[in-house]
Amino acid sequence: MTRKEEILKLIVQHFIRTAEPVASKTLIEQYGLDFSSATIRAEMNELEKEGLLEKTHTSSGRIPSKQGYEYYLSHLRENNINNEIKMRLQTVMNQKVASVENVIKESCEILAKMTNLVSVISANNSNDEHLISIQIIPISQNSATAILVTDKGYVENRTFVFDNDVSVDDITNCVKLLNDRLKGTSIKDLVPKMEAIRPILNDYVIEHDVVYQALFETFLRFASDRMALFGKDELLNQPEFKDNADRLKKVIELFEHPEALKKEISKATKDIDSNVSIHIADKNKKNDDMSVVSASINIGDKSTGTIALLGPTRMDYDKAVSLLEYVSSELNKRFKNVGGKEHGRGKTSQEASQERKQAKRKS
């Protein structure tokens, strides 16, 4: 690492941690650089000329530019993962009976808490996902929960309340008819197909409306792009947003509109050396306030979604990239066997069967 690169690296890391512009005096006093203040200032001037640093209007210090962060990511990052975070994530991954969505959800919660960024899980389109079953679980005399399960392991539920005119037989008949007609249907086709069979429900089920409406709303949610956010409060407390009402308003609006958020995540471009995609926000561009680091996750042989971390330009890219590389790799290993292989062990059913036969022969 050259002297200039060492100075750039320290400026990036200091600014990420403090959100304060960095002066030569700071580098000497806090990091013990064995160079004179004049030498450091000269190197900082060169870095500014190269477009890697920017000078703020409020102090003599420098902050990283978009190009500076890109250089740091490509050449200077350490690619380390804190052992505490790694252990917490591994505890989640090692759960033997946890569902797909719970493992992903808990992983996202840890990512958000440990990075002070927003973590987002976004499901890809549902063209290759199909309904396996609809179940109705009675909760009380006047309420029940509808549960939908797909062949990708996703589960959606909705609790609804009905009046005394609706009989258990009506609910049972309605669900049976829907299962008979909808099982195997692509998720994207559920809503139009359910609308098409509504007249049939009217003929066979006396009080079908309450069940129909509950399931129809569930299908609408299920068929749309599924997205969950974690860590919004932590991000909104970052100085970039907390002290800037306009930026805060824009970020809150972004989180309230899934399509806009999905578009923001799509700005990230793939790093050719990993599964991670990165977008570094450029403050000189309008409506470019959010940096994104994302990675695809898979169940079986097909991509099923994206995990992303969103935050200010000043986000800790080293930590974000390293964590998403680790999490996406572990999730993909954990779930690569869903749909034809033994769950979570990296072996096909045939391979496992052969191993059991070999073990019997040895015994």
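Some thoughts on the overall build of the protein chain
Piece 1. Across its full length, the protein chain holds 16 helices and eleven strands.
Piece 2. Across the 363 residues of the protein chain, 45% fall into the buried class.
Piece 3. The long-range fraction of contacts in the protein chain, counting pairs at least 24 apart against all pairs at least 6 apart in sequence, stands at 57%.
Piece 4. If you sum the accessible surface of the protein chain, you get close to 19,200 Å²; carbon and sulfur atoms cover 47% of it.

Topic: the pattern of salt bridges
Piece 1. According to the stated counting rule, one finds 17 salt bridges in the structure shown.
Piece 2. For E43, the salt bridge is made with R3, and the minimal N-O distance between the two is 2.8 Å. Of this pair, E43 sits in helix α3 (residues 37-49) while R3 sits in helix α1 (residues 3-18), and the two are 40 residues apart along the sequence.

Considerations on the sheet that holds strand β6 (residues 155-161)
Piece 1. Pairing is antiparallel across the open sheet formed by three strands, whose spatial order is β4-β5-β6. Either end of the sheet is taken by a strand with one partner, and the two such strands are β4 (131-140) and β6. Mean inter-strand twist for the sheet, computed between neighbouring axes without regard to direction, equals 20 degrees.

Things to note about the nonpolar core
Piece 1. Core analysis: the biggest nonpolar cluster contains 54 residues, and L27, I104, I307 and L331 have the highest contact counts within it.
Piece 2. The element that contributes the greatest number of residues to this core is helix α15 (residues 317-335), accounting for nine residues.
Piece 3. Sequence-distant contacts of L331, that is, excluding residues within four places in its chain, are made with M93, V103, I104, S107, I297, N298 and I307.

Focus on the packing of aromatic side chains
Piece 1. Applying the stated criterion across every chain yields a total of one aromatic pair.
Piece 2. Between the NZ or CZ atom of R3 and the centre of the ring of F35, over which it lies, the distance is 5.5 Å.

Thoughts on the environment of K183
Piece 1. Tracing the backbone through its elements, the reader meets K183 in the loop between α7 (168-182) and α8 (190-196).
Piece 2. The exposed category is assigned to K183, whose relative accessible area is 60%.
Piece 3. Excluding its chain neighbours within four sequence positions, the residues that come into contact with K183 are L131, I132 and L178.

Some details on the packing of helix α5 (residues 83-93) against α15
Piece 1. Running from N to C, α5 and α15 point in directions that differ by 20 degrees, and their axes come no closer than 11 Å. Classed by the angle they form, the pair α5 and α15 counts as roughly parallel. Here α5 runs over α15; the crossing is right-handed. Residues I85, K86, L89, Q90, V92 and M93 of α5 touch α15, and the partners they reach there are L323, Y326, V327, E330, L331 and R334.

Reading the values: rules and limits
Residues numbered from 1 in each chain as written. Predicted model: local features only at pLDDT ≥ 70, side-chain atom pairs only at ≥ 80, totals over all residues. Heavy atoms only, no water. Helix = DSSP H or I, 4+ residues; strand = E, 2+ residues; numbered from the N terminus. Buried < 20%, exposed > 50% of the residue type's maximum accessible area, 1.4 Å probe, protein only. Contact = heavy atoms within 4.5 Å. Areas by Shrake-Rupley, 256 points an atom, 1.4 Å probe, with all protein chains shown as cover. Salt bridge = Lys/Arg side-chain N within 4 Å of Asp/Glu carboxyl O. Pairing = 2+ DSSP bridges. Axes fitted to C-alpha atoms, helices over the stretch in contact; angles between N-to-C directions. Core = buried A, V, L, I, M, F, W, Y, C linked by side-chain atoms within 4.5 Å. Phe/Tyr/Trp six-rings, centres within 6.5 Å; stacked < 30°, edge-to-face > 60°. Lys NZ or Arg CZ within 6 Å of the ring centre and 35° of its normal. Parallel < 35°, antiparallel > 145°, perpendicular 65-115°, else oblique. Left-handed = near helix turned anticlockwise from the far one by under 90°.

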